[in-house]
Amino acid sequence: MAKTFADWTRLFMTRPNELPDWGQHIFQNAGGDPTIYYLHGYWKLAEDEAWVIETEVPDCEYWNFVLQNWWMESLDYERANIYINNHTGKLNDDGTLTIVVSSRNPGFGNWISTEGHAEGTALLRWVKSESHPLPTCKVVKI
């Protein structure tokens, strides 16, 4: 698994600060749950930057977004707000979702802390969803 995750991270690094559809077969062949639609990415930010992720939210059983390290291990969720899900996230008035990843709270969207890291991996997943919206992503100055 370490080799698989390292290979994936190297792939994700080719498109930083995005959450593209890499092809679900990649994750299914590694034992991924076939009811989950996986959107993995790699983020890299300067201290004064934020990664803004905007997406529609499909009708699904569950969704979540989480920041991870290079090995795709979750950052410390007990100590910091490094994840969001359909129970904790606040949707925009139009039903869309805005996630903001940065080192400090920018004052808008659902803030996810980098916990002092400058880069790592991330995962957004839709569970038991008939549609699979792809988010738009951009890096902005805080």
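Residues numbered from 1 in each chain as written. Predicted model: local features only at pLDDT ≥ 70, side-chain atom pairs only at ≥ 80, totals over all residues. Heavy atoms only, no water.

K.L.:
Honestly, the environment of I142 in this entry has me stumped. Any pointers?
P.N.:
Within the secondary structure, I142 is located in the segment after β8 (136-141). Since its relative accessible area comes to 37%, I142 is described here as partly exposed. Spatially, the C-alpha atoms of I142 and N69 are 22 Å apart, while their sequence positions differ by 73 residues. What I142 contacts, discounting residues up to four positions off in sequence, is E47, D48, E49, A50, S102, R104 and P106. (Helix = DSSP H or I, 4+ residues; strand = E, 2+ residues; numbered from the N terminus. Buried < 20%, exposed > 50% of the residue type's maximum accessible area, 1.4 Å probe, protein only. Contact = heavy atoms within 4.5 Å.)

K.L.:
Whenever I open this one, the sheet that holds strand β3 (residues 62-68) confuses me. Can you help?
P.N.:
The strands making up a sheet associate through backbone hydrogen bonding, with each pair oriented either parallel or antiparallel. Read from one edge to the other, the open sheet built from 4 strands follows the order β1-β7-β3-β4, with strand pairing classed as antiparallel. The open sheet is flanked by β1 (36-44) and β4 (83-85), the only strands paired with a single partner. This sheet shows a mean twist of 10 degrees between the axes of neighbouring strands, independent of strand direction. Sheet topology places β1 next to strand β7 (residues 119-127); 9 bridges connect them, and they run antiparallel. In the sheet register, Y38 faces β7, and the bridge partner there is R125. Here helix α1 (residues 2-12) sits on the sheet and contacts β1 and β7; the angle it forms with β1, its principal contact strand, is near 65 degrees. (Pairing = 2+ DSSP bridges. Axes fitted to C-alpha atoms, helices over the stretch in contact; angles between N-to-C directions.)

K.L.:
Please explain α1 as it appears in this structure.
P.N.:
Because each turn of an α-helix spans 3.6 residues, side chains separated by three or four positions in sequence point in the same direction. Every buried residue belonging to α1 is among A6, W8, T9 and F12, and all of these are buried. Buried positions in α1, seen along its axis, are confined to an arc of 160 degrees and lie on one side of it. Looking at the packing, one finds that the buried side of α1 touches α2 (24-28), β1 and β7. (Arc of directions from axis to C-beta.)

K.L.:
Can you walk me through the sheet that holds β8 in this structure?
P.N.:
What the 4 strands build is an open sheet, ordered β6-β5-β2-β8; its pairing is mixed. One side of each edge strand has no neighbouring strand; the edge strands of this open sheet are β6 (110-113) and β8. Averaged over all neighbouring strand pairs, the angle between strand axes comes to 25 degrees, with direction disregarded. Here strand β2 (residues 49-55) pairs with strand β5 (residues 97-102) via 6 bridges, running antiparallel. By the bridge assignment, A50 is partnered in β5 with S102.

K.L.:
Sorry if this is basic, but what is going on with the packing of aromatic side chains here?
P.N.:
For any two aromatic rings, the description comes down to two numbers: the centre-to-centre distance and the angle of the planes. Scanning the entire structure with this criterion turns up 7 aromatic pairs. With centroids separated by 5.4 Å and ring planes inclined at 35 degrees, the aromatic side chains of F5 and W8 adopt a geometry described as tilted. Taken together, the residues span about one helical turn, with F5 and W8 both in helix α1 at a distance of 3 residues. For F5, a relative accessible area of 24% translates into the label partly exposed. On the basis of relative accessible area, W8 is assigned to the buried category, the value being 11%. The interplanar angle of 85 degrees and the centroid separation of 5.0 Å between the aromatic rings of W8 and F27 together place this pair among those described as edge-to-face. Placement of W8 in helix α1 and of F27 in helix α2 is noted, with a sequence separation of 19 residues between them. When its relative accessible area of 2% is taken as the criterion, F27 is described as buried. Put simply, the rings of F5, W8, F12, W22, F27 and Y38 pair up and form one aromatic cluster. The side chain of R15 reaches across the aromatic face of W22, ending 5.7 Å from its centre. (Phe/Tyr/Trp six-rings, centres within 6.5 Å; stacked < 30°, edge-to-face > 60°. Lys NZ or Arg CZ within 6 Å of the ring centre and 35° of its normal.)

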